[in-house]
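Next come the chains, spelled out residue by residue.
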Amino acid sequence: MTVSDVGLLSAFVVGLLGGVHCAGMCGGIVGALSFGLKGGRNLPLLLAYGLGSLSGSLLLGRLRGVDIRTRGSGNAGGTNALRTFGLRFALAVVIIDVGKGALAAGWAPGILGEPPAWLPYACGLAGVVGHCYPVWFGFRGGKGAATAVGALAVLSPWLLLPMGLTWCVVLV
């Protein structure tokens, strides 16, 4: 990782953290992408964000003619999908959400060739941000947990077991 790569990653993170609400978050992403990212490096980040914006529960809900955010807890995530439409629907949602996190971290960074070391992590983060603030659904998405698990499965799979055990301990 070069000094310029560290600077670009820092700009991306600062841009993300600079957002106070949905519009600010998106402005932070756009600001970070335009802050010195050159040579098409922003394309993988935009693809990862776009993948994250494709919410499984909202897309599958639309196939049923319903906006899942108007049911149950109002969240566009797997738990609300389970509560409102049952196990099969929720499983499909989780598969989509985990899959898009894995694609964002694993496929999007390599779209332009050999990525810098930091780009898969930034793309994973962009996928999670896309899930939480989906451009296609009025910047109202889910919490990003399943998408983060998908990104983590690609980036650091050895962390899945301790993370799952922690989740189980907290759940019980």
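Residues numbered from 1 in each chain as written. Predicted model: local features only at pLDDT ≥ 70, side-chain atom pairs only at ≥ 80, totals over all residues. Heavy atoms only, no water.

Visitor: Quick question: what am I supposed to make of the nonpolar core here?
Guide: Side chains of a nonpolar character, in soluble globular proteins, are inclined to be buried together. Core analysis: the biggest nonpolar cluster contains 11 residues, these being L45, A48, Y49, A104, A108, W118, L119, A122, C123, A126 and V129. Of all the secondary-structure elements, those providing two or more residues to this core are α3 (42–53) and α7 (119–132). Ranked by the residues each element gives to this core, the list is headed by α7, at 5 residues. Ranked by size, the runner-up nonpolar core spans 10 residues in total, among them V66, I68, A76 and V93. (Core = buried A, V, L, I, M, F, W, Y, C linked by side-chain atoms within 4.5 Å. Buried < 20%, exposed > 50% of the residue type's maximum accessible area, 1.4 Å probe, protein only. Helix = DSSP H or I, 4+ residues; strand = E, 2+ residues; numbered from the N terminus.)

Visitor: I'm lost on unusual backbone geometry in this one. Help?
Guide: When glycine is set aside, most residues are seen to have a negative phi, and most peptide bonds are trans. Even without glycine at this site, F139 takes up a positive phi of about 60°. Of note, F139 is situated in the loop between α7 and α8 (145–155). The exposure class assigned to F139 is partly exposed, which follows from its relative accessible area of 28%.

Visitor: Hey, could you run me through the environment of Y133 in this one?
Guide: Examined against the element boundaries, Y133 turns out to sit in the loop between α7 and α8. A residue is classified by how much of its surface remains accessible, and Y133, at 25% relative accessible area, is partly exposed. Sequence separation between Y133 and Y49 is 84 residues; the distance between their C-alpha atoms is 9.2 Å.

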